[in-house]
Amino acid sequence: MNEIICPNCNKAFKVDEAGFAEILKQVRDHQFEEELKKRLTIAEEQKQSAVELAVAKTKNSVQEELTNKDKEITELKANSKSELRDSLAEKDSELAEMKSKIQNFETVKELAVSKATKEIEKQRDTFENDVKTKELEKQNLKNSLEQKYSTELQSKDAIIKFKEDEIARVKDMKLKLSTKMLGESLEQHCEIEFNKLRATAFQNSYFEKDNDSKAGTKGDYIYRETDESGNEIISIMFEMKNENDATDKKKKNEDFFGKLDKDRKEKNCEYAVLVSLLEKENEFYNSGIVDVSYKFDKMYVVRPQFFIPIITLLRNAAMNSLKYKQELNLIRNQNIDITNFEENIELFRKGFAYNYDLASRKFKTAIDEIDKTITHLQKTKDALLSSENNLRLANNKADDLTIKKLTHGNPTMKGKFDDLKEIDE
């Protein structure tokens with residue numbers, strides 16, 4: 001649209017491209033006609049001025065010549081009559097010559113005027129032809145525009161009729177479907193649109209129905225995407241909502257904001273998006289991607305045609321911050337490594353202190369036991385030494401033991417040993 005300011009009232013009004021082109025053309029045609037009239041007037045004035053100037057110059061020249069001749073004649077009269085006659089004859093000849101020149105000049109003047117007039121007429125004819133050509137072009141352009149706009153109007157009428165028929169058909173289809181089936185159809189539409197681009201644009205993405213209802217509620221779909229290292233780039237909780245036109249109680253988009261925000265937080269998603277066909281006449285939601293984060297953090301409402309664009313938009317924004325997320329994860333991991341190292345050192349210190357204390361106590365116990373063992377061994381040694389002495393004494397006693405000593409005072413045993421001795425002999 002072009003804005004034009006009225007030179008009389010100074011008010012601005014807008015016209016479309018076709019109207020602006022028509023106004024511009026009218027202004028140009030008017031300017032051309034004004035310029036043509038102006039140039040014809042100037043040419044006519046120039047022609048008249050040229051003629052008057054030429055006549056004035058000629059008259060002045062002739063008058064000057066006549067004046068000079070009169071002076072010469074007067075001077076010659078003072079001379080002798082003979083010289084006067086000769087001079088008069090010569091002057092008559094010169095006068096005749098001058099008259100001839102004047103006549104020739106008149107002829108040249110007429111030719112110049114005729115030539116100038118023809119040139120002006122030629123320019124006039126050229127301008128008239130240009131005007132006729134412009135008028136013809138104007139008429140052809142007008143006919144062409146009328147034909148074009150007539151065709152476009154016919155096409156628009158046909159398109160409008162087609163759209164009205166399509167709207168009537170869709171409304172009729174919606175009347176035949178239940179609210180649940182309408183919602184499922186919207187979910188299927190979004191899933192199909194995503195799967196068309198999954199292999200090319202969303203290779204590392206997860207987009208599946210939310211079947212986890214452990215927390216009591218669940219959304220419709222969850223979108224997650226990670227980088228090659230497994231770091232999460234973005235996550236979105238989706239809710240798809242539609243409504244039968246025949247439903248008496250119409251739902252509003254904001255009726256579902258609270259539940260969607262709760263599902264987003266419980267499923268640890270970064271963003272929440274409501275894909276909605278509710279409130280069809282609401283221009284706020286028909287304007288495109290609507291940011292409702294002033295009510296619930298990181299939440300958007302879109303029509304189905306903006307389903308893929310909202311993913312792309314949020315994804316591109318997340319990709320820009322991926323480098324910072326990776327650096328943050330690296331710093332976090334380094335902090336974790338340092339913390340783990342400090343914890344391991346502390347555990348080692350505590351374990352070493354415990355083991356040292358335990359070993360120290362065990363070592364003392366072992367020393368005490370060794371001392372006790374040494375004391376016991378000393379007693380055993382003493383007992384063994386005492387036993388050895390007793391054995392030596394017993395051995396000495398055994399060595400001193402004889403049959404004679406054994407049978408001394410025992411006649412019976414002495415008789416037995418005597419009988420055995422006789423048998424051996």
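Parameters and conventions
Residues numbered from 1 in each chain as written. Predicted model: local features only at pLDDT ≥ 70, side-chain atom pairs only at ≥ 80, totals over all residues. Heavy atoms only, no water. Salt bridge = Lys/Arg side-chain N within 4 Å of Asp/Glu carboxyl O. Helix = DSSP H or I, 4+ residues; strand = E, 2+ residues; numbered from the N terminus. Buried < 20%, exposed > 50% of the residue type's maximum accessible area, 1.4 Å probe, protein only. Contact = heavy atoms within 4.5 Å.

Glancing now at the pattern of salt bridges. Note on pairing: side chains with opposite charge can pair once their charged atoms come close. This structure, assessed with the given rule, holds 12 salt bridges. Salt-bridge contacts for Glu193 lead to Lys196; the nearest nitrogen and oxygen are separated by 3.2 Å. With Glu193 and Lys196 both in helix 3 (residues 179-201), this residue pair falls 3 residues apart, about one helical turn. The partly exposed category is assigned to Glu193, whose relative accessible area is 25%. Linking Asp263 and Lys259 is a salt bridge whose minimum nitrogen-to-oxygen distance equals 2.9 Å. Of the two residues, Asp263 and Lys259 are both situated in helix 4 (residues 257-266); the distance of 4 residues between them amounts to about one turn of the helix. Asp263 gets classed as buried once you look at its relative accessible area, which sits at 0%. Taking relative accessible area as the criterion, Lys259 reaches 33% and is therefore assigned partly exposed. Each of the salt bridges in this network shares a partner with another, and the network as a whole consists of Glu239, Lys241, Lys259 and Asp263.

Looking now at the environment of Lys218. Considering the arrangement of structural elements, one finds Lys218 in the loop between strand 3 (205-209) and strand 4 (221-226). Along the chain, Lys218 and Lys262 lie 44 residues apart, while their C-alpha atoms are 9.1 Å from each other. In this structure Lys218 touches Asp210, Asn211, Asp212, Ser213, Glu239, Lys259, Asp263 and Lys267, once residues within four positions along its chain are discounted.

Bringing the environment of Cys269 into the picture now. If you trace the backbone, Cys269 turns up in the loop between helix 4 and strand 6 (271-276). You can call Cys269 buried: its relative accessible area is 5%. A C-alpha to C-alpha distance of 9.9 Å links Cys269 and Phe238, two positions 31 residues apart in sequence. Ignoring anything within four residues of it in the chain, the contact list for Cys269 reads Ile222, Arg224, Ser235, Ile236, Met237 and Arg264.

These values are about where atoms sit, not about what they do.
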